[in-house]
Structure formats: structure tokens, C-alpha cells
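Geometric and topological summary
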Amino acid sequence: MAEESGELMEKLTSLCKRRGFIFQSSEIYGGIGGFWDYGPLGVQLKRNIKDAWWRDTVVKRDDIVGLDCSIIMNPSVWEASGHVAGFTDPLADCRKCKARFRADQVFFVSARDGDDVLLTAGVEADDEQAAIQAASASANSKTRRRIEQHADRLQWQAFRADRAPAGQAAKCPACGGDLTDARKFNMMFKTHVGAMEDSSSQAYLRPETAQGIFCNYRNVLDTARLKVPFGIAQIGKAFRNEINPRNYTFRSREFEQMEIEYFCNPSQADQWYAYWRQARFEWYVGLGLGSDKLRLRDHEKAELAHYSKATADIEYTFPFGVSELEGVANRTDYDLSQHQKHSGRDMAYFDDETKERFIPYVIEPSGGVDRATLAFLCEAYCQDEAPDENGLPQERIVMKLHPRLAPIKAAVFPLVKKDGMPEVARKIHQALKAAGLACFYDEKGAVGRRYRRQDEAGTPLCVTVDGQTLQDQTVTVRDRDSLDQKRILADQVVRYVADAIA
Ligand code: GAP
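Description of the structure in this document.

About the cut-offs
- Residues numbered from 1 in each chain as written.
- Predicted model: local features only at pLDDT ≥ 70, side-chain atom pairs only at ≥ 80, totals over all residues.
- Heavy atoms only, no water.
- Pairing = 2+ DSSP bridges.
- Helix = DSSP H or I, 4+ residues; strand = E, 2+ residues; numbered from the N terminus.
- Axes fitted to C-alpha atoms, helices over the stretch in contact; angles between N-to-C directions.
- Contact = heavy atoms within 4.5 Å.
- Phe/Tyr/Trp six-rings, centres within 6.5 Å; stacked < 30°, edge-to-face > 60°.
- Buried < 20%, exposed > 50% of the residue type's maximum accessible area, 1.4 Å probe, protein only.
- Lys NZ or Arg CZ within 6 Å of the ring centre and 35° of its normal.

1. A word on the sheet that holds strand β8 (residues 155-160)
Across a sheet, paired strands are connected by hydrogen bonds in the backbone, their directions being either parallel or antiparallel. On the basis of which strands lie adjacent, the open sheet formed by three strands has the order β7-β6-β8 and antiparallel pairing. On the outer flanks of this sheet lie β7 (116-124) and β8, each paired with one strand and no other. Pairs of neighbouring strands in the sheet enclose a mean axial angle of 15°, with direction left out of account. The sheet strands contacting helix α6 (residues 141-149) are β7 and β8, and the helix crosses β7 at an angle near 115°.

2. Thoughts on the packing of aromatic side chains
Any aromatic ring pair is given by two values, namely how distant the centres are and how the planes are angled relative to each other. Applying the stated criterion across every chain, the model contains 20 aromatic pairs. For the ring pair Phe-214 and Phe-263, a centre distance of 6.4 Å and an interplane angle of 85° mean the geometry is edge-to-face. Here Phe-214, found in helix α7 (residues 210-215), pairs with Phe-263, found in strand β13 (residues 254-264); they are 49 residues apart in sequence, far enough to count as distant. Of the two residues, Phe-214 and Phe-263, neither departs from the other in class, the shared state being buried. Three or more aromatic residues link up through ring pairs in this structure, and these residues are Phe-214, Tyr-217, Phe-230 and Phe-263. Just above the ring of Phe-250 sits the side chain of Arg-371; from NZ or CZ to the centre is 3.7 Å. Residue placement shows Arg-478 over the ring face of Tyr-451; its charged tip is 4.4 Å from the ring centre.

3. Here's the deal with the environment of Ala-274
Relative to the assigned elements, Ala-274 resides in helix α9 (residues 269-286). Overall, Ala-274 belongs to the partly exposed group, its relative accessible area being 43%. The sequence separation of Ala-274 and Val-328 amounts to 54 residues, and the corresponding C-alpha distance is 9.4 Å.

Right under this line is the structure:
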């Protein structure tokens, strides 16, 4: 299973590179950990995801407006929000090889049979059970044989590096050396504003877009003629100096968020939380994450942030495990109260119908664009068979992306490069472009190969101009998923494609 998942991830990353969805940042210089670039297909896919979110949360609603805040803000923002003091991960260094690890993701595993120590290892894993499995799987064959022989008497022990028993050092997963005690590492990227590089000019790249929204809550309320309940939505870059960026784009150091802060009367916060929890889940389902790989998980009380009354994660089963796509949280009046306290500005809202005065509660659906992109890519990746030119079944890789998200909506081919077919095909291509539909023209090579290239790009429709077109002005339209081919009039292609992707 683990091997299959690894294999799927490998196939997906190789397709993403080969077809221009995702590249390593600064690749020609050996890359840089935790940073990624989106190629021609990837940028279009990501843009379509952001457009779908913006249309569904801002354009189609009366109660949400948009905002675009600066990435660098007054550093006092991050004092008030609690990020300067608390936005930390536990960090441990290897005393020997100097590698750095997130101490909550490193485990020290040992297996002993009485006094006989069979195995000690440092491994990176998500929990104790996974750590034990990883350690026994990576043991050499002699140790594995002994583990099997002693299986029923073995005592396993696994502890997380940041919870190491006193006097016991966890081991480095890279070289087996001793790890230091865990210490707090603040994940905000620091920079300086202006010509002076001292502590007075220190600033941060925002680690979330949310604080820009809270800081503008009064501005928006006073200018947009809104009444509670209302929301402010923002899409933008966020930066976190993750100790251990991993799983492709899933945990990056630079990424994009799409966040809504929904302000409501505290007495209605539970209902609005329930509403957004469900609405956001259904948004992903509506765009194709409908399989049983998507789930909603409510946080246990112990897991809740101190300011949160309730939180649910929308999680997706990636090939590397079940992980968070988006969090929906009832953040109470914590953020606005903090900013009121630190800035001295009044954040209260006066309801002129009920004559109540209150600091609104905030329901926050906070998603990651890159994680959504990765989930849509994972869900879309399929291997099946399609007939080749001679009608023989041939394996194909096809990205079954939702038509709204597909980077290219239609490809147009002349069957052969002669007899006036390219001229007709180019005309259809131009008409699609003029209608604002992302499309692609291709006249090179066998038509079966051209279909397969579009399958890999996730293009829902391929339009082919052939000999019959010149007689009756019809073209074939081939459906990416069903492989059905039907003939329609050439001058109806634009309408047909527009309807199919709506
Ligand atoms: N304002 C709340 C907030 O920022 P979060 O759970 O820290 O909450 C929200 O982040 C979303 O941002 C996550 O669900 C995830 O989709 C995305 N995200 C967070 N850290 C990320 C990272 N290092 N790489 C990619 N996406 C990330």
C-alpha cells in the first residue's frame, strides 16, 4: 500500500513536470526546499481554482466582499495576533551531522527482548505506531529476521523527540547521532523595511492572510455599507519558514491561501459555523473531490486552539496520507478583541435594529490554494485504456479534472495537414479564443497521439476537422472521459464547449 502510494506520487510528480503543471523553484541552480513554480498548465489550473472560489464566495453572494492586503504589515499586527510569541514549531538539531528536524515529527524507537536490544532508531513519522512500523521496515534483513523470531516477546518503545524522557536523547533519523533538546522556532520569515537593518526596522512576511482582513474590518464596515452578518474574502500569498517542508507542494514555505472571515452576532455563531463547515465541504465535492477520499473531521476539545470554540478540518486522502485541505473555525471575538486592545481602535459593532453593541464573532474558512491544487491533481490522475488509430486498446494517462478547473477547455486538430483542414481548424480555434475559452491548436503527428497529449493535460474536449467537414461543415467532438465522439456543426463548437464547462 505504502509502495503503491509512493509510486502514484512519483507518477504524478513526473507528469506534472513533463507536462508543465509544476516545476521545482530555481531548478537550474539545484532548487530550493519548500518553494515551487507553476508551469503553463499549472498556473491556469490554479487560477481556475481561485476563480471558482472567488466567484462562488464573493461574486455570487450579497454578504461577502473581497479584499487584497499587503504582504508586509506593521509588525505590531503580529504581536497582537499572537504570532510573535506563539507561531512556533519545536526544532531539534543533530549534534553530529547538524541536520535539523521538527521535533514533533521525529521519534526514537527501540525494541528489546529483556536486556537484549534488537533495534534503536530515529525515524520521521506522524505518530508512535507509524514510527515503529517505519523503524522495523528500514531495519537490515538480519535485524528484521530477529524481530520476527522474537515477535511475541518484544517490547517496543517509541517517543517523540520533543517528549524525550529526562536524560535520554532522541536519535537523528539521518545519521543516528544524538538530537538536542527541542526548542521553539518561530516560523515567520523576517525582513527589514527601509535602509536600516536593525531591530527597529524588522518586519515579517505574513504567515496568513487573515490578519490583513481583521485590520481592515472597520474600514470595510464603514465603506461597504454592510450589516452583520457579513464576510470579507481574500486570496493571497502567505509565507512560513517550515522546518521540514514535505510531500511535494503540500507543505511549502511560500503558498497561497483563500480565506473568509465571516463576522456575525455571537448568538448566531454556532449556526454560521455549522453552515460554513458544510458549505466548504460541498464546494470541494462540487468541483470533483466527490470520492470517499474527502472527509470532515471535528477537532477534539484538547486539539482546539485556545481562542477557538469549534474547528473542523476538511481532509483529503493524499497518496502520502490523510491531510488537511482547509480548516473551518469559530474564532470567537478573539482576533478583533486583540486588535482592539493593541491598536486602541474600537472594533465593536452596533446593531441598530436590536440596539445591541458587541464585538462580532468570526467564523473562518481558511483553505490553501496549493493544497487544493494538489488534491485536484491527485483525484484527477487516472490510468485506463483508449483505442488507438487502429481501434486497438492502448494504455493512457488521463487527468480527469472537473471541466471548470481544466487548464485547457478544448483542443482543435485538423485530421491531416492538407486539403484545407488546417484553415478550418484554425478558424474554430480563433472563435474559441475570441469567446474567452482557453484552447489549444495542434496539427503535429498522429491524431491518436494528439488526443493522448490532451488527456494528460486534462482537456475535456477535442475537436477534429476531417474530410467530412469540408462537405457538411460538421466536426467530431471527442469527450475525454467517456471517449464518445459525436458530430456537430463547426459553427456550434463555441456554444458546445461553453455549455460543457459551465
Ligand atoms: N488563518 C488561519 C490559518 O492560517 P492554517 O490552518 O494555519 O490556518 C490554513 O492554514 C490553510 O493554509 C491550511 O488548511 C492549508 O491549506 C494552507 N497551508 C498552511 N500551511 C501551509 C503550507 N506550509 N504549505 C501549503 N499550504 C499551507
